[in-house]
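# Breakdown of the fold
Single-letter residue listing:
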Amino acid sequence: MLGKLATYLRMAGIDSAYSKSTSFPLLIKTATAEDRIVLTRRSDISATACTVSIYCVNSNYPHEQLQDVVTKFAIRLDQTHFFSRCLLCNEALERLDKFDVLGKIPAYVSSTVSDFSQCPECNKIYWKGTHYQNMLRQLHNLLHDIEIANENG
């Protein structure tokens, strides 16, 4: 229900676990063990019976969900942490030398990009290409909207 929100949080460098398949009891157990807050769209979940904090995100729209969560939990976003987590599995990315990725990325990319990162868990390789610029612009727009909403709210 909140997969896009998890991606936006990860883009912003915020540790955010996400699973489509985890049962609610297992989710609560994991959140308790990892000291996490559970975000959900399910309004029928009772927080009183749980050992973790649960927050119901009301909006259907990911940009509004991000705004809601950042505002609710007073999350301070630091641009130096943007794109520091794997968008797929949430692990902190590790920087790679260009020579470590040769043969693992398209030849054009290796001839035009020099900074690379890799997820130590799923091994996905990231670089700052045109897709990065588009995502960065989108993230900045979302954060600008959050600032405006907080000033007006």
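One can find the structure itself at the top, above this paragraph.
For the rest of this paragraph, the subject is empty space enclosed by the protein. As enumerated under the stated definition, the model contains 1 cavity of 30 Å³ or more in all. As a volume, the largest cavity reaches approximately 30 Å³. Around the largest cavity, the lining residues are H63, Q67, L142, D145 and I146. By residue number, the principal contributor to the lining of the largest cavity is helix 6 (residues 130-152), which donates 3 residues. Looking at the lining of the largest cavity, its residues break down into 2 nonpolar, 2 polar and 1 charged.

This next bit is on the layout of surface pockets. Space inside the largest pocket adds up to approximately 950 Å³. Of all elements in the fold, only helix 1 (3-11), helix 2 (24-33) and strand 1 (38-40) reach the threshold of two or more residues within the lining of the largest pocket. When residues in the lining of the largest pocket are grouped by element, the largest group, 5 residues, is from helix 2. Along the wall of the second largest pocket there are 17 residues; nearest its centre are F83, Y126, W127, K128 and Y132. Sorting the residues of the lining of the second largest pocket by element identifies strand 4 (116-118), strand 5 (125-127) and helix 6 as the ones contributing at least two each. In terms of residue class, the lining of the second largest pocket is made up of 10 nonpolar, 2 polar and 5 charged.

With antiparallel pairing, 3 strands are arranged side by side in an open sheet as 3-4-5. One side of each edge strand has no neighbouring strand; the edge strands of this open sheet are strand 3 (94-96) and strand 5. Sheet twist, expressed as the average angle between the axes of neighbouring strands with direction ignored, equals 35 degrees. Strand direction decides the pairing type here: strand 4 and strand 5, joined by 3 bridges, are antiparallel. Paired with S117 across the bridge in strand 5 is Y126.

Turning to the packing of aromatic side chains, a few remarks are in order. Evaluated as defined, the whole model comprises 3 aromatic pairs. Ring centres of Y55 and F73 lie 5.5 Å apart, and the angle between their planes is 80 degrees; on these two criteria the pair is classed as edge-to-face. In this pair, Y55 sits in strand 2 (residues 54-56) while F73 sits in the loop between helix 3 (62-72) and strand 3, placing the two residues 18 residues apart along the sequence. Its relative accessible area of 29% is what places F73 among the partly exposed residues. Here the basic side chain of R42 rests over the ring of F24, its NZ or CZ set 6.0 Å away from the ring centre. Above the ring of Y126, the side-chain terminus of K124 is found at 5.3 Å from the ring centroid.

Let us look at the nonpolar core. With 26 residues, the main nonpolar core has L5, M11, L66, F82, F83 and L139 as its most contacted residues. When residues in this core are grouped by element, the largest group, 7 residues, is from helix 6. Once residues lying within four places of it in the same chain are set aside, the contact partners of L5 are L39, Q65, L66 and V69. Of all hydrophobic cores here, the second largest spans 7 residues; its members include I105, V109, V113 and I125.

Attention now moves to the environment of M11. Checked against the element boundaries, M11 lands in helix 1. A sequence separation of 63 residues divides M11 from A74, and the C-alpha atoms of the two residues are 17 Å apart.

The rules we used
Sequence positions are assigned chain by chain, starting from 1 and proceeding in written order. Reporting in this predicted model follows two pLDDT cut-offs: at least 70 for local features of residues, and 80 or more for side-chain atom pairs to be given and counted; totals over whole chains, interfaces and linings ignore these cut-offs and use all residues. Only hydrogens and water are set aside; all other atoms, that is, all heavy atoms of the structure, feed into the side-chain values. Lining residues are defined by having an atom within 4 Å of a point belonging to a cavity or pocket. Those points lie on a 1 Å grid over the protein atoms alone, cavities being sets where a 1.4 Å probe fits but cannot get out and pockets being open sets with protein on both sides within 12 Å along at least five of seven lines. Grid points are joined across faces, edges and corners, and a volume is the space filled by probe spheres set on the points. Working definition: helices are DSSP H or I runs of at least four residues, strands are E runs of at least two. Numbering for both runs from the N terminus. For this classification, the nonpolar set comprises Ala, Val, Leu, Ile, Met, Phe, Trp, Tyr, Cys and Pro, the charged set comprises Asp, Glu, Lys and Arg, and every other residue, Gly included, is treated as polar. Two strands form a pair only when DSSP identifies at least two bridges running between them. Helix axes are fitted only over the stretch in contact, all axes being lines through C-alpha atoms; the angle between N-to-C directions runs from 0 to 180 degrees. Only rings of Phe, Tyr and Trp enter the pairing, Trp through its six-membered ring, and a pair is recorded when the two centres are within 6.5 Å. The plane angle decides the type: under 30 degrees is stacked, over 60 is edge-to-face, the rest tilted. Throughout this description, buried means an accessible area under 20% of the type-specific maximum (1.4 Å probe, protein chains only), exposed means over 50%, and partly exposed covers the range between. Charge-over-ring placement is defined geometrically: NZ (Lys) or CZ (Arg) within 6 Å of the ring centre, and within 35 degrees of the ring normal. Among the buried residues, those of types Ala, Val, Leu, Ile, Met, Phe, Trp, Tyr and Cys that are joined through side-chain atoms within 4.5 Å form a nonpolar core. In this analysis, two residues are considered to be in contact whenever any of their non-hydrogen atoms come within 4.5 Å of each other.

Without other data, these values stay purely geometric and don't point to any function.
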